[in-house]
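# Close look at the chain arrangement
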Amino acid sequence: MSETISEQTEITESKIPRRSSSRTTARKPKKSRVPLALALAIVIIALVAFGLYLATVDPRLSLFWLIGLCFGFILQRARFCFTASLRDPTLTGGTSLTKAVLIAFAITSVGFVAIQYNAYRMGLPIPGAGYILPISLATVIGGFLFGIGMVIGGGCGSGTLMRVGEGFHMNMLVLVFFIIGLLVGSYDHTWWQLNVIQGAPRVHLPDVFGWFGAITIQLIVIGALYILADRWESRRKSL
Amino acid sequence: MPKEVVVDALGEACPVPLIKTQKAMKTLEIGDVLILKIDHSCAMKNVPEWARKVGHNVELEEIGDCEWEVIIEKVVA
């Protein structure tokens, strides 16, 4: 097809022959969009007002608020989905979101190294060092459990929140149980900390390979996964 | 006379609409039309994407607020 994807996804008049029986029942009368536009205007004003209020408490909160809103907007409009990126290769054979996530990882890797290396060079504490968490069996078990939950629930953390905002009912139910699960997890975390996590290694790649080596190796691994994902899709399609 | 099959995936989240589509498409002959009813905005993206990659004719129709129909004409076996 010569058309681009964006042109194809536009809603156009049907060219595929359809029977009238299925068409007439399907159409619903178009509602006025004016109340929706007014509601949207009120919501936008409320969002900005809350951001300004946060600035009076702590300017950083306003920044977090803004980043959060942008993140949610991009997530929703781009249909970016971490769940699908890991689920679709085996379930439907599609890897376009897998590749999107890998590209995002590659870009953020470069950004992280730039920020961290700059702090290191100036002798400052490395930003984000507190988030270098131990790798233990808990990582594997937790990942496995989370994976089951996110495929059944149809969304990871950010995906669930985004779809709740979008108004998809199933994810509202998922959010309730997501919160219950988090509470149970927090309650049991002490046990995991004492029995599994304690003493596990914390690995920061630049400590092992040096700054240049770490980013090179990381980008090579991401690039290899990208090629693998690309081949996986074309292989599945030909089956 | 080509068949026309309606698949109802209303209220279903990813990946159910796409899997239902993939299964239904296997049972169809070339020239048949599948109409998929969805209200999950992700399915609006991944179902047409899959069908176009395979090579079918795809159209998307908004039939109400947050409710769409994906119309797929089977082109390749």
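Refer to the structure above for everything that follows.
Residues numbered from 1 in each chain as written. Chains lettered and ligands numbered in written order. Predicted model: local features only at pLDDT ≥ 70, side-chain atom pairs only at ≥ 80, totals over all residues. Heavy atoms only, no water.

Here we take up the overall build of chain A. In terms of regular secondary structure, chain A is built from 10 helices and 0 strands. Beginning at the N terminus, the succession of helices and strands in chain A can be written as α-α-α-α-α-α-α-α-α-α. Burial status across chain A gives 25% buried among its 239 residues. A separation threshold of at least 6 residues defines the contact pool for chain A, and within that pool the share at least 24 residues apart is 59%. Split by element, the accessible area of chain A, about 16900 Å² in all, is 72% carbon and sulfur. (Helix = DSSP H or I, 4+ residues; strand = E, 2+ residues; numbered from the N terminus. Buried < 20%, exposed > 50% of the residue type's maximum accessible area, 1.4 Å probe, protein only. Contact = heavy atoms within 4.5 Å. Areas by Shrake-Rupley, 256 points an atom, 1.4 Å probe, with all protein chains shown as cover.)

The next subject is the sheet that holds strand S2 (residues 33-38) of chain B. All names here are of chain B. The strand order across the open sheet built from 4 strands is S1-S2-S4-S3, with neighbouring strands paired in mixed fashion. In this open sheet, the two strands that pair with only one neighbour each are strand S1 (4-9) and strand S3 (57-64). The average undirected angle you get between the axes of adjacent strands in this sheet is 20°. (Pairing = 2+ DSSP bridges. Axes fitted to C-alpha atoms, helices over the stretch in contact; angles between N-to-C directions.)

Below, the discussion takes up the packing of aromatic side chains. If you walk through the whole model with that rule in mind, you get 7 aromatic pairs over all chains. Three or more aromatic residues link up through ring pairs in this structure, and these residues are A:Phe50, A:Tyr53 and A:Trp65. (Phe/Tyr/Trp six-rings, centres within 6.5 Å; stacked < 30°, edge-to-face > 60°.)

Once that is clear, we can look at the pairing of S1(B). Residues and elements named next belong to chain B. Direction of pairing for S1 relative to S2: parallel, over a ladder of 6 bridges. Directly across from Glu4, in S2, lies its bridge partner Val33. The parallel pair S1 and S2 is bridged by helix H1 (residues 16-27), and the resulting crossover is right-handed. (Right-handed = clockwise from strand over helix to strand, strands pointing away.)

Note on terminology: a disulfide is the covalent bond linking the sulfur atoms of two cysteines. Tallying each qualifying case throughout the model produces 0 disulfides over all chains. B:Cys42 provides the cysteine sulfur closest to A:Cys81, a residue in no disulfide bond, and the two sulfurs are 5.6 Å apart. Of all cysteine sulfurs in the structure, the one in A:Cys81 sits closest to A:Cys156, which takes part in no disulfide; the separation is 6.2 Å. Its relative accessible area of 9% is what places A:Cys156 among the buried residues. (Disulfide = S-S within 2.5 Å.)

Right, let's get into helix H4 (residues 59-78) of chain A. All names here are of chain A. Over its 20 residues, H4 runs 29 Å from end to end, which matches the ideal 28 Å to within 8%, given 1.5 Å per residue. Three or more residues of H4 are buried, namely Ser62, Leu75 and Gln76. For H4, the angular spread of buried residues about the axis comes to 165°, placing them on one side. Facing away from the buried side of H4 by over 90 degrees, the exposed positions are Pro59, Arg60, Leu66, Ile74 and Arg77. (Expected span 1.5 Å × (residues − 1). Arc of directions from axis to C-beta.)

All names here are of chain A. Where nonpolar side chains cluster on the molecular surface, the patch consists of Ile135, Val203, Val208, Phe209, Ile217, Val221, Leu225 and Leu228 and spans about 710 Å² of accessible area. Along the chain, the position of Ile217 falls in helix H10 (residues 205-238). Here Ile217 falls in the partly exposed class, since its relative accessible area comes to 33%. (Patch = residues over 30% accessible without salt bridge, like charges linked within 9 Å, V, L, I, M, F, W, Y side chains within 5 Å. Salt bridge = Lys/Arg side-chain N within 4 Å of Asp/Glu carboxyl O.)

Taken by themselves, the reported measurements are silent on function.
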